[in-house]
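A look at the structure
If you want the building blocks of each chain, they are given just below.
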Amino acid sequence: MGIFSSSTREIPSAPEVPGHIAVIMDGNGRWAKKRFLPRVAGHVKGVELVRELVRACLERGVGYLTLFAFSSENWRRPLEEVSLLMQLFVKALEQEVERLQRHGVRLRVIGDLSRFEPRLQTLIRQAEEATATNTALHLSIAANYGGRWDILQAANRLAVAEPEKIGQWTEADLEPYLSMAFAPEPDLYIRTGGEMRVSNFLLWQMAYTEFYFTPTLWPEFDRVEFDRAIASYQQRERRFGRTSEQLKEPSSHA
Ligand code: IPE
Ligand code: IPE
Ligand code: MG
């Protein structure tokens, strides 16, 4: 059993302020293009907005923030853009760890890190170790992450660990091997940039997550926009399969 309840096996609590927010930070390229700037300028601006979002989450008491920074499909981009994104990642790790430390933020990077160059892998490991005892906010960066990869790597690790149970595995058996096993399932899932798709982010974990799609480009997703997303979330009725009437009865069974 995991430490957090599963939305398909129990009825989880639906917190007033989302305990875990997942974000697809999309629209950096279009933001730059609108300004006749190179795409990378949009990514640079995007990093600033990450800083702001982390601050907002700390203030609002959001416990977990998971950001999609680079998908397993983003390698298909022009080599130059990929390499600039990697440089930005390195720079952010070098510059931000101290600030995260000051604010009690624990950093994790989820995804298949084996494809990154050794220097980046080392920086990631160091940043994770340096912040490992922080608890104010769990910040996870999804890099070379894909939801399908995640489920598969979990299944493969489970197969090695418990071969005698093949054919009888349960959700609860698999969950500890998923890369977000340390976190509750996301309550709110934000995608900026106007696309209404999931692009292979956290597939397993979002079984009952509330979605918020906004046309706002990521570099313009400021605190006001963030509060709008939270307000939208607070309007939702999270039924987890039950009827609306059941929610109003305090005795509604699980
Ligand atoms: C998201 O912005 C950032 C990454 C994928 C790294 P995009 O770069 O996808 O921006 P658009 O979608 O082209 O505007
Ligand atoms: C999703 O954005 C990945 C990240 C934000 C890191 P993309 O811009 O790569 O998504 P698609 O290709 O439009 O679906
Ligand atoms: Mg995009």
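Below is a short write-up of the structure. Along every chain, residues carry numbers that run from 1 in the direction the sequence is written. All chains are assigned letters beginning with A, and all ligands numbers beginning with 1, in the order in which they are written. Reporting of local features is limited, given that this is a predicted model, to residues whose pLDDT is at least 70; pairs of side-chain atoms are given and counted only at 80 or more, and all residues count toward the totals for whole chains, interfaces and linings. Side-chain measures were taken over the full set of non-hydrogen atoms in the model, leaving aside hydrogen atoms and water.

Considering the site of ligand 1
Being near a molecule or strand, for a residue, means having at least one of its heavy atoms within 4 Å of it. Close to ligand 1 lie 13 residues; Asp26, Gly29, Arg30, Arg39 and Arg77 are nearest. By the criterion applied in these results, polar contacts are pairs of N or O atoms within 3.5 Å in which, for protein atoms, one can donate a hydrogen and the other can accept it, and in which residues neighboring in sequence qualify only through two side-chain atoms. Gly29 places a polar main-chain atom, nitrogen or oxygen, 2.9 Å from an oxygen atom of ligand 1. With respect to ligand 1, the side chain of Arg77 contributes an N or O atom lying 2.8 Å from an oxygen atom. Per-residue and other accessible areas were derived by the Shrake-Rupley procedure at a 1.4 Å probe size, with only the shown protein chains allowed to occlude residues. Bound to the protein, ligand 1 loses 87% of the 380 Å² it would expose on its own. For ligand 1, the cavity whose grid points lie within 2 Å of the majority of its atoms is the largest pocket. At the level of secondary structure, the elements contributing two or more residues to the shell around ligand 1 comprise α1 (28-34), α2 (39-60) and α3 (79-102). Counting residues per element, the shell around ligand 1 draws most heavily on α1, at three residues. For this scheme, ten residues count as nonpolar: Ala, Val, Leu, Ile, Met, Phe, Trp, Tyr, Cys and Pro. Four count as charged, namely Asp, Glu, Lys and Arg, and the remainder, Gly too, count as polar. Counted by class, the shell around ligand 1 contains three nonpolar, five polar and five charged residues. Only protein atoms enter the 1 Å grid used here. Points where a 1.4 Å probe fits but cannot escape make up a cavity, open sets with protein on both sides within 12 Å along at least five of seven lines make up a pocket, and a residue lines them when an atom lies within 4 Å of a point. In this description, a molecule resides in a pocket or cavity if more than half of its atoms sit within 2 Å of the grid points defining it. In this text, helices come from DSSP runs of H or I with a minimum length of four residues, and strands from runs of E with a minimum of two, each type numbered from the N-terminal end.

Here's the deal with the packing of α2 against α3
Angular values range over 0 to 180 degrees, each being the angle between N-to-C directions of two axes fitted as lines to C-alpha atoms, with helices fitted over their stretch in contact. Interaxial distance between α2 and α3 falls to 11 Å at its minimum, and their mutual angle equals 25 degrees. With respect to each other, α2 and α3 are oriented roughly parallel. For the pair α2 and α3, the sense of crossing is right-handed. Taking contact as the criterion, the partners of Arg39, Val40, His43, Val44, Val47 and Arg51 in α2 are, on α3, Glu81, Leu84, Leu85, Leu88, Glu96 and Arg99. Tallied by class, the residues present in the contact of α2 with α3 amount to six nonpolar, one polar and five charged. Our angle categories are set so that under 35 degrees counts as roughly parallel, over 145 as roughly antiparallel, 65 to 115 as roughly perpendicular, and the remainder as oblique. Helix crossings get a hand from a simple test, with the near helix turned counterclockwise from the far one by less than a right angle marking a left-handed crossing and a clockwise turn marking a right-handed one. Here, two residues are considered to be in contact whenever any of their heavy atoms come within 4.5 Å of each other.

Looking at the pairing of strand β6 (residues 210-213)
Three exposure classes are used, based on accessible area relative to the maximum for each residue type with a 1.4 Å probe and protein chains only: buried under 20%, partly exposed in between, and exposed over 50%. Of the two faces of β6, the one holding Glu210 and Tyr212 is buried and the one holding Phe211 and Phe213 is not buried anywhere. Only strands that DSSP links by at least two bridges are regarded as paired with each other. Direction of pairing for strand β5 (residues 188-191) relative to β6: parallel, over a ladder of four bridges. In the strand pairing of β6, Leu188 is matched with Glu210.

Looking at the layout of surface pockets
Using a probe with the size of a water molecule, rolled over the atoms, empty space left in the structure can be pinpointed. Grid points are joined across faces, edges and corners, and a volume is the space filled by probe spheres set on the points. Each pocket or cavity is described by its volume, and for the largest pocket that value is around 1000 Å³. In this structure, the largest pocket is lined by 42 residues; those nearest its centre are Met25, Asn28, Phe68, Ala69 and Phe70. Taken together, the elements giving at least two residues each to the lining of the largest pocket come down to α1, α2, β2 (64-71), α3 and β4 (137-145). A total of ten residues in the lining of the largest pocket trace back to one element, the largest contributor, which is α3. Across the lining of the largest pocket, the residue classes break down as 22 nonpolar, nine polar and eleven charged.

A closer look at the packing of aromatic side chains
Under the pairing criterion, centres of Phe, Tyr and Trp rings, with the six-membered ring standing for Trp, must be within 6.5 Å; the plane angle then separates stacked pairs below 30 degrees from edge-to-face pairs above 60, leaving the rest tilted. Applying the stated rule across the entire model yields 13 aromatic pairs. Relative to Tyr64, the ring of Phe4 lies with its centre 6.1 Å away and its plane at 85 degrees, an arrangement referred to as edge-to-face. One end of the pair, Phe4, is in the segment before β1 (20-24); the other, Tyr64, is in strand β2, and 60 residues separate them in sequence. Given a relative accessible area of 14%, Tyr64 falls into the buried group. For the pair Phe211 and Phe213, a centre-to-centre distance of 5.7 Å together with 20 degrees between the ring planes defines the contact as stacked.

Thoughts on the nonpolar core
In plain words, nonpolar cores are sets of buried Ala, Val, Leu, Ile, Met, Phe, Trp, Tyr and Cys residues tied together by side-chain atoms within 4.5 Å. The biggest cluster of nonpolar side chains holds 42 residues, and the ones touching the most others in it are Ile21, Val23, Leu65, Leu67 and Leu139. A per-element tally of this core places α3 first, with eight residues. Residues in contact with Leu139, not counting those within four places in the same chain, are Val54, Leu65, Leu67, Leu100, Val105, Arg106, Leu107 and Arg108. Counting residues in each nonpolar core, the second largest holds 14 residues, with Ala142, Phe182, Ala183 and Tyr189 among its members.

Focus: empty space enclosed by the protein
Considering all chains together, one arrives at one cavity of 30 Å³ or more under this definition. Considered as a void within the structure, the largest cavity measures approximately 30 Å³ in volume. Take the lining of the largest cavity: its biggest share by element is four residues, from α2. Taken together, the residues that form the lining of the largest cavity break down as five nonpolar, no polar and three charged.

Here's the deal with the site of ligand 2
Inspection of the region around ligand 2 gives Ile24, Met25, Asp26, Phe68, Ala69, Phe70, Asn74, Arg77, Arg191, Arg197 and Ser199 as its neighbouring residues. One of the side-chain N or O atoms of Asn74 is found 2.8 Å from an oxygen atom in ligand 2. Side-chain polar atom of Ser199 to an oxygen atom of ligand 2: 2.6 Å apart, as the coordinates give it. For ligand 2, whose free accessible area comes to 390 Å², the fraction covered by protein is 79%. With respect to the pocket detection grid, ligand 2 is positioned in the largest pocket. In terms of residue count, β2 provides more of the shell around ligand 2 than any other element does, three residues in total.

Structural measurements only, silent on function.
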